[in-house]
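# A look at the structure
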Amino acid sequence: MELLLHFFKDFFLAFFVAIGFASLFNTPNRVLLIAGLLGSLGHSLKFLLHDGFGLGLITSTLSGTVLIGLLGIVLAHRVHTPPVVFTMPACITMIPGLYAYKTMLGFIKLTDETGLSRTPQDLENTFHYFVLTASLLFTLAIGISIGVLLFRQDSVKMLKFASRKNKS
């Protein structure tokens, strides 16, 4: 029961975070709700897989972003809007801000001139958070791109080639 309550709270908060970032990126008003819905669905799936089923953070984040990317392609055709308009704000809800913050604090601690607060564990923790942050950011990019790559009809090279061939 407690997991379900946290799930709905996560869904609700991610919805408004995605709408906030979508409006910040000048997303058209007619697709703001789509951005909010995609953001809440993706983040809630990540939450459910990670906290509910104990799946790894990177795997659950990839699952959430793949859901956003695939649904973004489907919804883009329905509302006649490029998918990046609402998939990017939707994925911002999953940016690993806490881990990036811990990485920066670790780097600051490692470069502290006094050296009084350094421990051997600091380098290991900083490197761990750096790799985790980078992995999660790559996961966001890969997850959104999977939908575009799977459902693209022709490559850009073929489209340019076809337009040149038609002009001749």
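Residues numbered from 1 in each chain as written. Predicted model: local features only at pLDDT ≥ 70, side-chain atom pairs only at ≥ 80, totals over all residues. Heavy atoms only, no water.

Broken down by element type, the protein carries 7 helices and 0 strands. Counted from the first residue to the last, the protein has its helices and strands arranged as α-α-α-α-α-α-α. Looking at the protein as a whole, 33% of its 168 residues qualify as buried. (Helix = DSSP H or I, 4+ residues; strand = E, 2+ residues; numbered from the N terminus. Buried < 20%, exposed > 50% of the residue type's maximum accessible area, 1.4 Å probe, protein only.)

A cluster of nonpolar side chains, contributed by Met-104, Phe-107, Phe-127, Phe-130 and Val-131, occupies part of the molecular surface with about 490 Å² of accessible area. Sorting the residues of the nonpolar patch by element identifies helix 5 (97–110) and helix 6 (120–151) as the ones contributing at least two each. Among the elements that make up the nonpolar patch, the one with the highest residue count is helix 6 (3 residues). Note on placement: Phe-127 falls in helix 6. (Patch = residues over 30% accessible without salt bridge, like charges linked within 9 Å, V, L, I, M, F, W, Y side chains within 5 Å. Areas by Shrake-Rupley, 256 points an atom, 1.4 Å probe, with all protein chains shown as cover. Salt bridge = Lys/Arg side-chain N within 4 Å of Asp/Glu carboxyl O.)

What follows concerns the nonpolar core. Ranked by size, the top nonpolar core spans 14 residues in total, and within it Ile-34, Leu-38, Ile-68 and Phe-86 carry the most contacts. Of all the secondary structure elements, the ones that give two or more residues to this core are helix 2 (32–52), helix 3 (57–79), helix 4 (84–91) and helix 6. When residues in this core are grouped by element, the largest group, 4 residues, is from helix 2. (Core = buried A, V, L, I, M, F, W, Y, C linked by side-chain atoms within 4.5 Å.)

In this structure the tally under the stated criterion is 6 aromatic pairs. Taken together, a centroid distance of 5.6 Å and an interplanar angle of 70° make the contact between Phe-7 and Phe-8 edge-to-face. Among the residues examined, Phe-8 registers a relative accessible area of 49% and is labelled partly exposed. One aromatic cluster is present, built from ring pairs that chain together Phe-12, Phe-15 and Phe-16. (Phe/Tyr/Trp six-rings, centres within 6.5 Å; stacked < 30°, edge-to-face > 60°.)

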